[in-house]
Structure formats: C-alpha cells, structure tokens
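Okay, here's what each chain looks like letter by letter:
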Amino acid sequence: MRPVLAVWLALSLLAGTGAQEMCGGPPATPAHSIPAPQLSPEERLSPHMPESLRCDACHAIAFQIEEQLRRAEGKVGRKALSEPDYMEVLERSCSQGWESYGVQELDGEKRLAGPGLPRQEPMSVMVLGGPWPGRLSKMCHGYVGERGEAQIYGAHRRGPAALRELLCHGEKGACAGGKAGGPAPPKAMQNEL
C-alpha cells in the first residue's frame, strides 16, 4: 500500500493535482481598496492652507509649539525660559520640517492628520509632503507674528489648553464658529454670494 501511495503522491505533485485541488484552495480573502483622498485644485495648488483644514492645522501648530517649549524647559529644569530662549524655540518650532503631517479622508471628510491631532484612522491613505509642510510653517510664522512671542509663551506657561485657546479658538481663531476641535464651517465662495 505504501508504494502505491508514494507513487500517487509523486504523480500528483508532478501533475499539479495536490491537496489544494482535492480539498479546495485557501479561502479567498476579501480585497480591501482604500483610495487616496481626492484633492481639489485649491488643496493641491494654493500656497495657503485651505479654509476647511485650518482648524486642524492650528491644533497641529499648537501641539508642536507646546512640545518644543516643553522640551526646552525640561533642559533648564522646568523653569521659565528667558525671552531670547523662547523666541529661538518658537522660531525653530515654525521652521521645522512638518513632514509628518498630511491629509486623510475620514468618513468622507478631508482632515489634516499627524502628531497631536485626533481621529487618525489606521486603515486609510494619508497624503504626506507636497504643499502641507510649507503651509503649516507659514501659518505658524503668521501666528507668532500676529500674537507675539511673549503672548504665546505666556499661554504655554498656563497650559496646553490656554495655548490652543489663544491660537485656535479665540475670536479670530481658525476654529472660531466651528464645533470644538473640528474645522470651521466653509465660507461661501465669492461667486455664491
């Protein structure tokens, strides 16, 4: 019996009819297709952060400023930084690469994604690089220029919530008028007025 089984096994392997055909192949795994976000011309080409992403961008900037200032204070024993020191840290915060930020589409809505931002979906495509690092840097420098280094550092010393409130949720903040933590509602286009 053994020689017959050995011959049958050898012939089956040579002929290509093995256990897979006899027992059926492995179960087919369902294919998952995750499309990249479809970016509008403004999102692809404008040098400015699109209105719909400014609130997320503001939270990313506040997070990075907070992290950089916290690290710098950690090096001096958690004491307050001198004016030249915090000015340098703020400049470095805004001039960093920002390459870890990009756009994801979550529940049909485009959102900025990266460190310090909520709702990062593990099974989605994120568009990194491109115009996003430059836009974040430009916005960061704008906040420092508008609010001033001393006011930003003072808010940082009061805590992360105070810094986010100053930069993002104040009267002119990118998140003003929108739901907390979410993007501001889109403004009407000029031709829609």
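Here's what I pulled together on the structure shown here. (Residues numbered from 1 in each chain as written. Predicted model: local features only at pLDDT ≥ 70, side-chain atom pairs only at ≥ 80, totals over all residues. Heavy atoms only, no water.)

**Section: the layout of surface pockets**
Taken as a whole, the largest pocket spans an internal volume of roughly 320 Å³. Top element by residues in the lining of the largest pocket is helix α6 (residues 132–147). It accounts for seven residues. Class assignment of the residues belonging to the lining of the largest pocket gives a composition of five nonpolar, three polar and seven charged. (1 Å grid on protein atoms, 1.4 Å probe; cavity = no way out; pocket = protein on both sides within 12 Å on 5 of 7 lines; lining within 4 Å. Points joined across faces, edges and corners; volume = space filled by probe spheres on them. Helix = DSSP H or I, 4+ residues; strand = E, 2+ residues; numbered from the N terminus. Nonpolar A, V, L, I, M, F, W, Y, C, P; charged D, E, K, R; others polar.)

**Structural notes on the environment of R71**
For R71, the position within the fold is in helix α4 (residues 54–75). Of the residues examined, R71 reaches a relative accessible area of 44% and is grouped as partly exposed. Each C-alpha atom, one on R71 and one on V89, is 9.5 Å from the other, the two residues being 18 residues apart in sequence. (Buried < 20%, exposed > 50% of the residue type's maximum accessible area, 1.4 Å probe, protein only.)

**Quick word on the state of the cysteines**
Here the structure, examined in full by the defined rule, presents three disulfides. Between the sulfur atoms of C58 and its disulfide partner C168 the distance amounts to 2.0 Å. Handedness of the C58-C168 disulfide follows from its S-S torsion of about -100 degrees: it is left-handed. Placement of the pair is C58 in helix α4 and C168 in helix α8 (residues 160–169), with a sequence separation of 110 residues. Here the two residues C58 and C168 agree in accessibility, since each one is buried. Between the sulfur of C94 and that of C140 lies a disulfide, 2.0 Å long from S to S. Its torsion about the S-S bond being -65 degrees, the disulfide of C94 and C140 is classed as left-handed. In this pair, C94 sits in helix α5 (residues 83–95) while C140 sits in helix α6, placing the two residues 46 residues apart along the sequence. Each member of the pair C94 and C140 is classed as buried. (Disulfide = S-S within 2.5 Å.)

**A look at the pattern of salt bridges**
Side-chain pairs of opposite charge can arise whenever the charged atoms involved come near each other. According to the stated counting rule, one finds seven salt bridges in the structure shown. Put simply, R70 and E67 hold a salt bridge, and the shortest N to O gap is 2.7 Å. Here the residue R70 and the residue E67 both occupy positions in helix α4, the gap between them amounting to three residues, near one helical turn. When its relative accessible area of 17% is taken as the criterion, E67 is described as buried. When the shortest N-O distance is used, the salt bridge between E88 and R92 registers 3.5 Å. Placement of both E88 and R92 in helix α5 is noted, with a separation of four residues, approximately one turn of the helix. Classification of E88 by relative accessible area gives partly exposed; the value is 48%. When salt bridges with common partners are traced through the structure, they connect E67, R70 and R71 into a single cluster. (Salt bridge = Lys/Arg side-chain N within 4 Å of Asp/Glu carboxyl O.)

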